[in-house]
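Remarks on the overall topology
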Amino acid sequence: YRMIPIETHRGCPFTCTYCNSPAQVSLHNEENLGNYFRRRNINRIKEEIATLIKRWDAEYIYFPADTFLAWSNDEFEDFVSMYQEFKLPFWMQTRPETITEDKVDQLVSINCHRVSMGIEHGNEKFRREVVNRKITNDLLVERTNLLGKKIPVSVNNITGFPTETRTLAFDTIKLNREFNANSHSCAIFQPYHGTTLHQYSVRKGYFGKDEYAEDSTYASALKQPHITHSEIQGLAKTFVLYVKFPKNMWDFIKIAEKND
């Protein structure tokens, strides 16, 4: 496909502790710049889509909004009505809390091709207290599978959080096994400056306050006494195998965690 990106939102209304958005909101408030989280006018989005189709022969739309379904109900209805004119296949990312059966049906009607959703962690208590995502596992499974029945969904996860143990990491694997998902990913946590978990990692002594995080999410920057860098990398690289293969193969998969 000739894929074209179109911005519909800037920022995010949620406050995950690993993410940059809360810091951007705080900076805007401190400088009296108004709301950082903004949604574009539907007519402006329509004009841009039409222009990109005409100028670049766009075949597919990529909406990079942090949480695409963070519209009001009226705004989403307006978007669906507007996009009926184009119906180009599109990809977007959102959060399970924003999924309803009605919205899934409307997304299908306008040719939504694929959706990515961040789950991040599979332990309900850890996810609530450390990651600041207050949704139950039951609701995560319900909403993700509601979507996955009709639209291919990719589920994003993170391992290597500060204080996360191997057992907690496997809670994420076990939860992912309950999803009707087309694909799964697992990144390694990075303590980016300005995030809540950067400050937490520094207080715990896992990271220097003047250190920089890795430039990718494939290696851990934290120095934690209970788990090594190589253990975290091993879990991340075999994550999908643990999710997709039968449990009676887990001892075999564990061998592949090592780089030998």
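As a starting point, this report considers the structure included with it. (Residues numbered from 1 in each chain as written. Predicted model: local features only at pLDDT ≥ 70, side-chain atom pairs only at ≥ 80, totals over all residues. Heavy atoms only, no water.)

1. Some remarks on the overall build of the protein
Rules: Put simply, DSSP H or I for four residues or longer makes a helix, DSSP E for two residues or longer makes a strand, and each gets a number counted from the N terminus. Our radius of gyration is a C-alpha quantity, and the globule rule it is checked against amounts to 2.2 Å times the number of residues to the power 0.38. Only protein chains enter the accessibility calculation, which uses a 1.4 Å probe; a residue is then buried when its area is under 20% of its type maximum, exposed when over 50%, and partly exposed in between. Only heavy atoms enter the contact rule, under which two residues are in contact if any of them lie within 4.5 Å. The Shrake-Rupley method, run with a 1.4 Å probe, gives the accessible areas here. Residue values count only the displayed protein chains as cover. Note that His is not counted, nor are the chain ends; the positive residues are Lys and Arg, and the negative ones are Asp and Glu. In plain terms, the charge of a residue is placed at NZ if it is Lys, CZ if Arg, CG if Asp and CD if Glu.
Along its length, the protein carries 10 helices and 8 strands. Taking 2.2 N^0.38 as the reference for a compact globule, 260 residues should give roughly 18 Å; the C-alpha atoms of the protein span a radius of gyration of 20 Å, in line with that estimate. Counting across all 260 residues of the protein, residues that qualify as buried make up 47%. Long-range contacts, defined as pairs at least 24 residues apart, comprise 73% of the intrachain contacts of the protein with a sequence gap of at least 6. A total of about 13,500 Å² of accessible surface is found on the protein, and carbon and sulfur atoms cover 49% of it. Of the side-chain charges in the protein, 33 are positive and 33 negative, and the distance between the mean point of each set is 2 Å.

2. Some thoughts on the sheet that holds strand β6 (residues 112-120)
Rules: Strand pairing requires that DSSP identify at least two bridges connecting the strands. For every element, the axis is a line fit to its C-alpha atoms; helices are fit only across the contacting stretch, and the angle between N-to-C directions ranges from 0 to 180 degrees.
On the basis of which strands lie adjacent, the open sheet formed by 6 strands has the order β1-β4-β5-β6-β7-β8 and parallel pairing. Each end of this open sheet is capped by a strand with a single partner; those strands are β1 (3-5) and β8 (183-188). For this sheet the average axis-to-axis angle between neighbouring strands, irrespective of direction, equals 25 degrees. In this sheet, strand β7 (residues 153-159) lies alongside β6 in parallel orientation, the contact comprising 5 bridges. Paired with G118 across the two strands is N156, which belongs to β7. Of the strands in this sheet, β6 and β7 touch helix α6 (residues 137-148), which is tilted by about 165 degrees from β6. This element, helix α9 (residues 229-244), spans β7 and β8 of the sheet and lies at about 170 degrees to β8.

3. Focus: helix α3 (residues 73-83)
Note the cut-off: To be clear, the arc concerns the directions from the helix axis to the C-beta atoms.
Restricting attention to buried positions, one finds in α3 the residues F76, F79, V80, M82 and Y83. On an axial view of α3, the arc spanned by its buried residues comes to 165 degrees, and they lie on one face. Those residues of α3 that are exposed and aimed more than 90 degrees away from the buried face are N73, D74 and S81. Looking at the buried positions of α3, the neighbouring elements they touch are α2 (42-56), β4 (60-63), β5 (90-94) and α4 (101-109).

4. Things to note about α6
What counts here: In this analysis, the expected span of each helix is defined as 1.5 Å times one less than the number of residues it contains.
Look at α6: 16 Å from first C-alpha to last across 12 residues, which is about the 16 Å you get at 1.5 Å a residue. Within α6, burial applies to N137, L140, V141, R143, T144, N145, L147 and G148.

5. Considerations on empty space enclosed by the protein
Which entries qualify depends on this criterion: In this analysis a 1.4 Å probe is tested at points of a 1 Å grid over the protein atoms alone, and where it fits but cannot get out there is a cavity; an open set with protein on both sides within 12 Å along at least five of seven lines is a pocket; lining residues have an atom within 4 Å of a point. Grid points are joined across faces, edges and corners, and a volume is the space filled by probe spheres set on the points. Polarity classes work like this: nonpolar for Ala, Val, Leu, Ile, Met, Phe, Trp, Tyr, Cys and Pro, charged for Asp, Glu, Lys and Arg, and polar for all others, with Gly in that last group.
This structure, assessed with the given rule, holds 2 cavities of 30 Å³ or more. Contributing to the lining of the largest cavity are I158, T159, A169, T172, I173, L235 and F239. Breaking the lining of the largest cavity down by element, the ones donating at least two residues are β7, α7 (166-176) and α9. The element that contributes the greatest number of residues to the lining of the largest cavity is α7, accounting for 3 residues. Its residues assigned to classes, the lining of the largest cavity comprises 5 nonpolar, 2 polar and no charged. Lining the second largest cavity are T159, G160, E164, T165, R166, A169, I227, I232 and L235.

6. Structural notes on the nonpolar core
Keep this limit in mind: As used here, the term nonpolar core means buried Ala, Val, Leu, Ile, Met, Phe, Trp, Tyr and Cys residues forming a set that is joined through side-chain atoms within 4.5 Å.
Membership of the largest hydrophobic core comes to 40 residues, with the highest contact counts inside it found for F63, F79, Y83 and F90. Counting residues per element, the ones that place at least two in this core are α2, β4, α3, β5, α4, β6, α6 and β7. With residues near it in sequence (within four places) discarded, F90 still touches Y60, I61, F63, Y83, L107, I110, N111, C112, H113 and R114.

7. What to know about the layout of surface pockets
Approximately 710 Å³ is the volume attributed to the largest pocket. Forming the walls of the largest pocket are 27 residues, and the residues nearest its centre are Y18, C19, Q93, E120 and I158. Elements with a contribution of two residues or more to the lining of the largest pocket: β5, β6, β7 and β8. Considering every element that reaches the lining of the largest pocket, the biggest residue donor is β6, with 4 residues. Considered class by class, the residues forming the lining of the largest pocket number 11 nonpolar, 12 polar and 4 charged. Approximately 160 Å³ is the volume attributed to the second largest pocket.

8. Quick look at the pairing of β7
Definition in use: The crossover handedness rule: strands pointing away from the viewer, path from first strand over the helix to second strand clockwise, crossover right-handed.
A large share of β7 lies buried, amounting to 6 of its 7 residues. When β7 meets β8, the two strands line up parallel, connected through 6 bridges. Residue pairing for β8: N156 is matched across the bridge by S185. Regarding topology, α7 serves as the crossover connection from β7 to the parallel β8, and that connection is right-handed.

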